[in-house]
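# Working through the structure, step by step
Residue-level listing of the chains:
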Amino acid sequence: MGLRDRALQLLAKGIGRVPMSTSSWAIPPNWATEQYLKMYGNLGWLFGTVSRISSAVADAKWSLYTQRNGQRERVDDHVLLDLLHFVNPFQTGQELMELSQMYLDLVGECFWYLASNGVGKPAEIWVIPPQRMKVVPSQREFIAGWVYEMGTIRIPLDTKEIIQIKYPNPNDLYRGISPAQSITVDLQSELYAARWNRDFFYNDASPGTVLSYPEQITDAEYERLKEQWRGKHGGMGNAHKTAIISGGAKIEKTMISQRDMDFGELRRINRDVILAAYGVPYAILGGSESVNRANAEAAEFTFARWVVRPRLVRIREKLNEQLANRYDSNLELDFADPVPENKDMQLKEATDGVKTGFLMIDEARH
C-alpha cells in the first residue's frame, strides 16, 4: 500500500476527526449549524460584521486570464465569465458571492452545486445550505461524494458536482470552522444580555422584589396581594412605580441592577470579542469612538488587507482548481486587489511604465 493510500485510509476511518472533549460545567451545550445561521438575524454586532465582510467580498471585480507563450493575457469574452455573472435564473453573481461568504463566516464552509449542460460543462451554480450536506469519506479518494439531506429526502451527489469552500478545521479535515464557532459562549452572552435588558424594561412585575410580613398571612391574603401587585406594578408601563403596601409589609430588592453587573461594559466586551474574532476594526462598522481621518484610513487598509483580501484569495484558489480548469487548464480567475495601498502602487507602476516606454498603454491598463 502506497503512502497516499495509507493516509486516505486513516482519514476515512476517522483520524481526520479529533474527538471533542466536554466537561460537566459546559453550559449551555454546543450549538448546531442552524443556530449560528439564526444568530445572524438575532445579534446586531454579528449581523453588522458578517454583512460588512460579505458585501465587500461580493463587490470584488473578477477577471479571466490565460497563459500564452509564458505571458498572462486577459480574456474579456468567455463562457466562464458569463457563468459567474449569470449564475442561475434566480441569483446574480453578486448574490452568489455574498451568500457564500456569509456561510463561510457563520459556519466555516459553503457548497456550490454545479449544474452541467449537455456537453458536461457547468451551466448554472447554486449555493446549497451547508447544514444539509453530509460527507461520504473514502479510503481511496478522501471524499467519495456528498449527500444532500432535507427531512426524508436524501440525494447523492458526485464530487464533480460540488465545490466546497471552507476554512481549515484542525478538528475535522472534512468540514470547515468559522469565527462565530470560536466565540460561541460570547455570542450566547451577548444574546442573554440583550434579552435581560429587554426584560428589565418589561419589568415582569419585578420578580427580584420580596414582600415580607412580620406574621404569617393566609392563602387568601397571599392571592389578593399577588393580584394587587401584578395589576399595579406589572408591565413596562408600570415599571419602577412606588409601591405602597399596608399591614406592616417590607419591600426588599434582590435583583441585580444594570449598574451592579456593569451592563454597559459587558456589552462593549461582547462587541469587541465579535469584532476581534473576525479581525474587523470598529471604525469599519461606523464606530466613532476616538476615530479621526488617520486611523479611519488605517482601519480601511487593515480591513481590506487582512479581512477581505485573504477571503478573496481562498475563493480564487478554489475556483481556479475546481472550476476554471474544466474549460481550459491555461485559464485562471483573479480579482482586482481591494487593498488601497496596493491600488496606488499599481497605478504608479503603470503610469511610470508608460512614461518610460517600458509598458504599452494597453499593458498599463491591464
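Presented here is an overview of the structure given in this document. Sequence order as written defines the numbering, with residues in each chain counted from 1. Selection of residues for local features in this predicted model requires a pLDDT of at least 70, selection of side-chain atom pairs for listing and counting requires 80 or more, and totals for whole chains, interfaces and linings are taken over all residues. The side-chain values count all of the structure's non-hydrogen atoms but skip hydrogen atoms and water molecules.

The next point concerns the sheet that holds strand β2 (residues 71-75). Note on pairing: two strands pair once DSSP finds at least 2 bridges between them. Secondary structure elements are taken from DSSP: a helix is a run of H or I of four residues or more, a strand is a run of E of two residues or more, and numbering for both begins at the N terminus. What the 3 strands build is an open sheet, ordered β2-β1-β11; its pairing is antiparallel. Where the open sheet ends on each side, the last strands, each with one partner, are β2 and β11 (331-335). Averaged over neighbouring strand pairs, the angle between their axes works out to 40° when direction is ignored. Relative to β11, strand β1 (residues 62-68) runs antiparallel, the two being bridged by 5 bridges. Opposite Y65, over in β11, you have E332 as the bridge partner. Between two residues, a contact is recorded if the distance between any of their heavy atoms is within 4.5 Å. To obtain an axis, a line is fitted to C-alpha atoms, over the contacting stretch when the element is a helix, and the angle between two such axes runs from 0 to 180 degrees between their N-to-C directions. Packing against the sheet, helix α10 (residues 293-322) makes contact with β1 and β11, and its axis sits at approximately 165° to β11.

This part is about the packing of aromatic side chains. Two rings from Phe, Tyr or Trp (for Trp, the six-membered ring) form a pair when their centres are within 6.5 Å of each other. A pair whose planes differ by under 30 degrees is stacked, one over 60 is edge-to-face, and the rest are tilted. With the rule as written, the count across this model stands at 7 aromatic pairs. Where W62 meets F335, the ring centres are 5.7 Å apart and the plane angle is 75°; that geometry is what we call edge-to-face. You can see W62 sitting in strand β1 and its partner F335 sitting in strand β11, a full 273 residues away along the chain. Assessed through its relative accessible area of 9%, F335 is described here as buried. Measuring from ring centre to ring centre gives 6.1 Å for F90 and W126, while their planes differ by 45°; the resulting arrangement is tilted. Of this pair, F90 sits in the loop between α4 (79-85) and α5 (93-107) while W126 sits in strand β4 (residues 122-128), placing them 36 residues apart in sequence. Classification of residues uses two cut-offs on accessible area relative to the type maximum, computed with a 1.4 Å probe and protein chains only: under 20% is buried, over 50% is exposed, and between them is partly exposed.

For the rest of this paragraph, the subject is the pairing of strand β3 (residues 109-116). Most of β3 is tucked away, with 6 of its 8 residues classed as buried. Two strands pair when backbone bridges link them, and β3 and strand β8 (residues 162-166) are joined in this way by 5 bridges, in the antiparallel orientation. Looking at β8, one finds that F111 is bridged to Q164. In the sheet, β3 pairs with β4 via 6 bridges, with the strands oriented antiparallel. Its bridge partner being in β4, W112 is matched across the sheet by V127.

On to helix α3 (residues 44-58), then. Think of an α-helix as turning once every 3.6 residues; residues three or four places apart then point the same way. Multiply 1.5 Å by the residue count of a helix minus one, and that product is the helix's expected span. The end-to-end C-alpha distance of α3, which contains 15 residues, comes to 21 Å, matching closely the 21 Å that a straight helix rising 1.5 Å per residue would cover. Among the residues of α3, those classed as buried are L46, G48, T49, V50, S51, I53, S54, V57 and A58.

Strand order in this open sheet of 3 strands is β5-β6-β7, and the pairing throughout is antiparallel. Each edge of the sheet is formed by a strand with only one pairing partner; in this case those strands are β5 (133-138) and β7 (153-157). Taking the axes of each pair of neighbouring strands and ignoring which way they run, one obtains an average angle of 25° across the sheet. Relative to strand β6 (residues 142-150), β5 is paired through 6 bridges, and the arrangement is antiparallel. Counterpart to M133 in the pairing with β6 is Y148.

Moving on, we get to the pairing of β2. The sheet contact formed by β1 and β2 spans 5 bridges and is antiparallel. Bridge pairing links Q67 to R72 in β2. The turn linking β1 back onto β2 is made up of 2 residues, and N69 within it adopts a positive phi angle of 55°.

Moving on to a nonpolar patch on the surface. A cluster of nonpolar side chains, contributed by M150, I153 and I155, occupies part of the molecular surface with about 230 Å² of accessible area. Summarising the element assignment, I153 is placed in strand β7. Here, patches come from residues exposed beyond 30% relative accessible area and free of salt bridges, joined within 9 Å for like charges and within 5 Å for nonpolar side chains (Val, Leu, Ile, Met, Phe, Trp, Tyr). Methods summary: accessible areas were calculated by the Shrake-Rupley approach with a probe of 1.4 Å, and residue burial reflects only the protein chains presented. The rule for a salt bridge is simple: a side-chain nitrogen of Lys or Arg has to be within 4 Å of a carboxyl oxygen of Asp or Glu.

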